[in-house]
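Now for the letters of each chain:
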Amino acid sequence: MPAMINQYVARKVALKDMQPCAICSKPSTTVLYNASGPDWLYTCDIHLQDNPQFASPIYSTEYNEALGKLKLVKSKIERLASAKNQIGSWDGWVTKIFSKKEKQKANSSENRESTTTETADAPPEVEGDPDTLLETQAEYGKILDEVAELRRTNRKYELAKIMFESRVLKKRTDQLNRERYLKEQENYSNTDPEELLRKHAFPSVPRQDKQ
Ligand SMILES: [Zn+2]
């Protein structure tokens, strides 16, 4: 039997198929299903949110790429905003020029081309362009929405390590019980099969709600 991998998908079942939540025992229509087991456990939706002691979301490549883009745009905004602040503080800019002029005066005997340096003191306009900052902020908002949507629609989870280990153990026990049942059935073929089934009730795979 191949090893079970720690990858569960949250599914909805019909109301009539509700079963107790594995954590709080309240009836729930959400089931975490693991095709590699197969394994499944019912859970309230609330336990899947910010609850790494139980389960953590496994996000898509698309989500991680969007997150990377978000970080880049954020640092661009910081850069643009700080450039804007430099222009904004007019006093600071003027002070800088004056202190530069003072220095230039101090060694003016060597520097006769002070007029040409004047243009170099002009404030940076391209980077601090308010439109660019606004556009970048708008782009940031758009990516943020995208990230939020990908988070909201994520259905893949991995169980906390201890939790998953207990599931693997349970799976193994179930398998042993099943084998014992089949052997028993073989050995006591005279026994009423109905009675055997009653003695060994096996759970059936949850069916996904059609909605
Ligand atoms: Zn619960």
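Residues numbered from 1 in each chain as written. Predicted model: local features only at pLDDT ≥ 70, side-chain atom pairs only at ≥ 80, totals over all residues. Heavy atoms only, no water.

- An unreviewed UniProt entry annotates the protein chain as VFA1-like protein of Saccharomyces kudriavzevii.

### Comments concerning the coordination of the zinc ion
Here is step 1 of the chain: On the protein side, the zinc ion has C21 (SG), C24 (SG), C44 (SG) and H47 (NE2) as donor atoms, found 2.1 to 2.3 Å from it.
Here is step 2 of the chain: Viewed at the metal, the 4 donor atoms of the zinc ion are separated by angles of 103 to 117°, and the geometry they form is tetrahedral.
Here is step 3 of the chain: Sequence spacing of the donor residues for the zinc ion, all on one chain, is C-x2-C-x19-C-x2-H. A residue pair is termed long-range when its members are at least 10 positions apart, and C24 in the loop between strand 2 (19-20) and strand 3 (27-28) and H47 in the loop between strand 5 (39-42) and strand 6 (55-57) qualify at 23 residues.
Here is step 4 of the chain: With a relative accessible area of 14%, H47 lands in the buried category. (Donors = N, O, S within 2.8 Å, 3.2 Å for Na, K, Ca; no water. Tetrahedral: all angles 85-135°; square planar, octahedral: opposite > 155°, others 65-115°. Helix = DSSP H or I, 4+ residues; strand = E, 2+ residues; numbered from the N terminus. Buried < 20%, exposed > 50% of the residue type's maximum accessible area, 1.4 Å probe, protein only.)

### Some remarks on the nonpolar core
Here is step 1 of the chain: M4, Y8, A10, L32, L41, L48, F54, A55, Y157, L159 and F164 form the largest nonpolar core, which has 11 residues in total.
Here is step 2 of the chain: Among the elements of the structure, strand 1 (8-12) and strand 7 (156-159) are those that each provide at least two residues to this core.
Here is step 3 of the chain: With sequence-adjacent residues up to four places away left out, L159 is seen in contact with N6, Y8, L32, L41, F54, A55, F164 and R167. (Core = buried A, V, L, I, M, F, W, Y, C linked by side-chain atoms within 4.5 Å. Contact = heavy atoms within 4.5 Å.)

### Focus on the packing of aromatic side chains
The relative placement of two aromatic rings is captured by the distance of their centres and the angle of their planes.
Here is step 1 of the chain: Counting across every chain of the model gives 3 aromatic pairs.
Here is step 2 of the chain: Seen in terms of ring centroids, Y33 and W40 are 6.4 Å apart; in terms of plane orientation they differ by 25°. Their pairing is stacked.
Here is step 3 of the chain: Ring geometry for Y59 against Y63: centres 3.9 Å apart, planes inclined by 25°, an arrangement best described as stacked.
Here is step 4 of the chain: The class for Y63 is buried, based on a relative accessible area of 4%. (Phe/Tyr/Trp six-rings, centres within 6.5 Å; stacked < 30°, edge-to-face > 60°.)

### Looking at helix 5 (residues 161-187)
Here is step 1 of the chain: Taking 1.5 Å of rise per residue, 27 residues should cover 39 Å, and helix 5 covers 39 Å from first to last C-alpha, within 8% of that figure.
Here is step 2 of the chain: Restricting attention to buried positions, one finds in helix 5 the residues F164, R167, K171 and Y181. (Expected span 1.5 Å × (residues − 1).)

### Thoughts on the pairing of strand 4 (residues 30-34)
Here is step 1 of the chain: Of all 5 residues making up strand 4, 5 are buried, and the element is well covered by its neighbours.
Here is step 2 of the chain: Sheet topology note: the strand 1/strand 4 ladder contains 4 bridges and is antiparallel. Looking across to strand 4, one finds that R11 is bridged to V31.
Here is step 3 of the chain: Where strand 4 lies against strand 5, 4 bridges are found, and the strand directions are antiparallel. The residue of strand 5 that forms the bridge with Y33 is W40.
Here is step 4 of the chain: Hairpin connection, strand 4 to strand 5: the antiparallel pair is bridged by 4 residues. (Pairing = 2+ DSSP bridges.)

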